[in-house]
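Structural characterization, general
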Amino acid sequence: MRAMTDLTATLLERLDERLLPAADPVRAAGQAAYMKGRFPFLGLASPALRTMQREAVRDLPRPTEDDLRSIALALWSRPEREFQYVGCSYLGANVTVPGPGFVPTLRELITTKSWWDTIDPLATRFTGGLVTHHPSLVAVMDEWSRDDNLWLVRTAILHQLHYGGATDVDRLFGYCRAQAGHRDFFVRKAIGWALRQYARTDPDAVRAFVEAHRSTLSGLSVREAMKHL
């Protein structure tokens, strides 16, 4: 069991005081079914959860990297999925805090209790921001883009989703090209999503890429990429 920082203990206590009494078993059952029974839920609606989180973090000091690591891992250890949602949001709000040494923790979060609902905010909001602040981490993205773990691959493909004109296009297209034949739906979907989003910045480049690689890209990736072109 990892040591818990004082800030972690305070935040968890505040979250428990707010989230647990608001549990709705009927809504929780529906949420769990939507996620194919992978995780238990408290049954909190997203707006209510966001309000409770804002109340819980109010007046708390800015976390250190050790706090951020401790908080994220503690939230991931809780069974109810809402705690992981709070963790994703909290990480995103404090993305400027950690350095490159946070990568092993990030990898643990991505490869533990993995499903699209946590992977996507971790990829697009936290990982993308971390790489922006620490450009040397593009080497980690290169490694993850070739990993056997599909969620690390999805994270690498999606981490530039909100970069717009700052997108490393060669890297984006390279990841998509390398994983074009991936067997998993979530990777094929990520390729299409990443290309579709970049098409907002450079539609001609995406159109040309898809046409050049139509024979290797999956139908799903092509449909997603070309949805608005």
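Shown above is the structure to which this text applies.
None of these values were measured; they are calculated from a predicted model.

Basis of the calculations
Residues numbered from 1 in each chain as written. Predicted model: local features only at pLDDT ≥ 70, side-chain atom pairs only at ≥ 80, totals over all residues. Heavy atoms only, no water. Core = buried A, V, L, I, M, F, W, Y, C linked by side-chain atoms within 4.5 Å. Buried < 20%, exposed > 50% of the residue type's maximum accessible area, 1.4 Å probe, protein only. Contact = heavy atoms within 4.5 Å. Helix = DSSP H or I, 4+ residues; strand = E, 2+ residues; numbered from the N terminus. Salt bridge = Lys/Arg side-chain N within 4 Å of Asp/Glu carboxyl O. Axes fitted to C-alpha atoms, helices over the stretch in contact; angles between N-to-C directions. Parallel < 35°, antiparallel > 145°, perpendicular 65-115°, else oblique. Left-handed = near helix turned anticlockwise from the far one by under 90°.

We now examine the nonpolar core. Core analysis: the biggest nonpolar cluster contains 74 residues, and Trp 144 and Leu 195 have the highest contact counts within it. The contacts of Trp 144, once residues within four sequence positions are left out, are Val 103, Leu 106, Arg 107, Ile 110, Leu 152, Val 153, Thr 155 and Ala 156.

Right, let's talk about the environment of Phe 126 for a bit. Within the secondary structure, Phe 126 sits in helix 7 (residues 116-133). Judged by its relative accessible area of 0%, Phe 126 falls in the buried class. Each C-alpha atom of the pair Phe 126 and Pro 203 lies 26 Å from the other, and the pair is 77 residues apart in sequence. Discounting chain neighbours no more than four positions away, the residues touching Phe 126 are Leu 91, Gly 92, Val 95, Pro 98, Phe 102, Leu 106 and Pro 121.

A full pass over the atoms with the stated rule returns 15 salt bridges. For Asp 16, the salt bridge is made with Arg 78, and the minimal N-O distance between the two is 2.7 Å. With Asp 16 in helix 1 (residues 6-19) and Arg 78 in the loop between helix 4 (65-77) and helix 5 (81-93), this residue pair connects regions lying 62 residues apart in the sequence. A relative accessible area of 18% places Arg 78 in the buried class. For Lys 189, the salt bridge identified is with Glu 224, shortest N-O distance 3.1 Å. A residue pair is termed long-range when its members are at least 10 positions apart, and Lys 189 in helix 11 (residues 185-198) and Glu 224 in helix 13 (residues 219-225) qualify at 35 residues. Salt bridges sharing partners connect three or more residues here, namely Lys 189, Arg 196, Glu 224 and Lys 227.

Running from amino to carboxyl end, helix 3 (residues 46-57) crosses helix 5 at an angle of 60 degrees, the nearest separation of the two axes being 11 Å. Overall, the two elements helix 3 and helix 5 adopt an arrangement that is oblique. In terms of crossing hand, the pair formed by helix 3 and helix 5 is right-handed. Residues Leu 49, Gln 53 and Val 57 of helix 3 touch helix 5, and the partners they reach there are Glu 82, Tyr 85, Val 86, Ser 89 and Tyr 90.

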